[in-house]
Amino acid sequence: MSTSRVLKWVSGGLEILLGIPLIGAGIVMGFWYLPLLVMLGLHIATLVISSKEGVGKSGSILGIVTSCLAWIPFLGMTMHIITGILLMVDAGSSNRQADNRDINVTVHKD
């Protein structure tokens, strides 16, 4: 499994955790909004690695936007859930993209 795919699964799971109404709010406010900064760094790292590996970047980009706007109560919860789902879908499709790339790159020698 590629590094970007692992990071997408991890960040997607954390986003969904932060999107759970009382639990996510308790985590974010209990740690004085530090989890939003940690998630911002994780999304930036995932974006950079995804760019280098040539896989989908939309989940990481939305994650960066979510980390910047998540301090707004109901918008943050909604965006965390949407971002988490998108990251997990992106992680699942990254595997298919890598498989297709491996198939297309094979060279036949005569």
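Chemist: What is the right way to read the side chain of R5 from this model?
Modeler: Summarising the element assignment, R5 is placed in helix α1 (residues 3-19). Taking the relative accessible area as the measure of exposure, R5 reaches 17% and is therefore buried. A polar side-chain atom of R5 sits 3.1 Å from the main-chain carbonyl oxygen of A91.

Chemist: Help me understand the environment of V48, please; the structure alone is not making it clear to me.
Modeler: Topologically, V48 is positioned in helix α3 (residues 34-53). For the pair formed by V48 and S4, sequence separation is 44 residues and the distance between their alpha carbons is 8.9 Å.

Chemist: Sorry, what's going on with the packing of α1 against helix α2 (residues 21-30) here?
Modeler: To characterise two packed helices, one gives the angle between the axes of the helices and the distance between these axes. In the contact formed by α1 and α2, the axes pass within 5 Å of each other and the chain directions differ by 105 degrees. Taken together, the axes of α1 and α2 lie roughly perpendicular to each other. When α1 is examined against α2, the residues L17, L18 and G19 are found in contact with a partner set consisting of P21, I23, G24, I27 and V28. By residue class, the composition of the contact of α1 with α2 is six nonpolar, two polar and no charged.

The rules we used
- Sequence positions are assigned chain by chain, starting from 1 and proceeding in written order.
- Predicted model: local features are reported for residues with pLDDT of at least 70 only, side-chain atom pairs are reported and counted for 80 or more only, and whole-chain, interface and lining totals are derived from all residues.
- Only hydrogens and water are set aside when side-chain values are computed; all heavy atoms of the structure are taken into account.
- Starting at the N terminus, helices and strands are each numbered in turn, a helix being any DSSP run of H or I of at least four residues and a strand any DSSP run of E of at least two.
- The rule is simple: take the accessible area with a 1.4 Å probe, protein chains only, and divide by the maximum for that residue type; under 20% is buried, over 50% is exposed, in between is partly exposed.
- A 3.5 Å cut-off defines polar contacts: any pair of N or O atoms within that distance qualifies, except that in protein one atom must be a possible hydrogen donor and the other a possible acceptor, and neighbouring residues in sequence count only when both atoms are side-chain atoms.
- Fitting a line to C-alpha atoms yields each axis, with helices limited to the stretch in contact; the angle taken between N-to-C directions then spans 0 to 180 degrees.
- Orientation categories follow fixed angle ranges, with anything under 35 degrees roughly parallel, anything over 145 roughly antiparallel, 65 to 115 roughly perpendicular, and all other angles oblique.
- In what follows, a contact means two residues having at least one pair of non-hydrogen atoms within 4.5 Å.
- For this scheme, ten residues count as nonpolar: Ala, Val, Leu, Ile, Met, Phe, Trp, Tyr, Cys and Pro. Four count as charged, namely Asp, Glu, Lys and Arg, and the remainder, Gly too, count as polar.

That is the geometry; function is a separate question.
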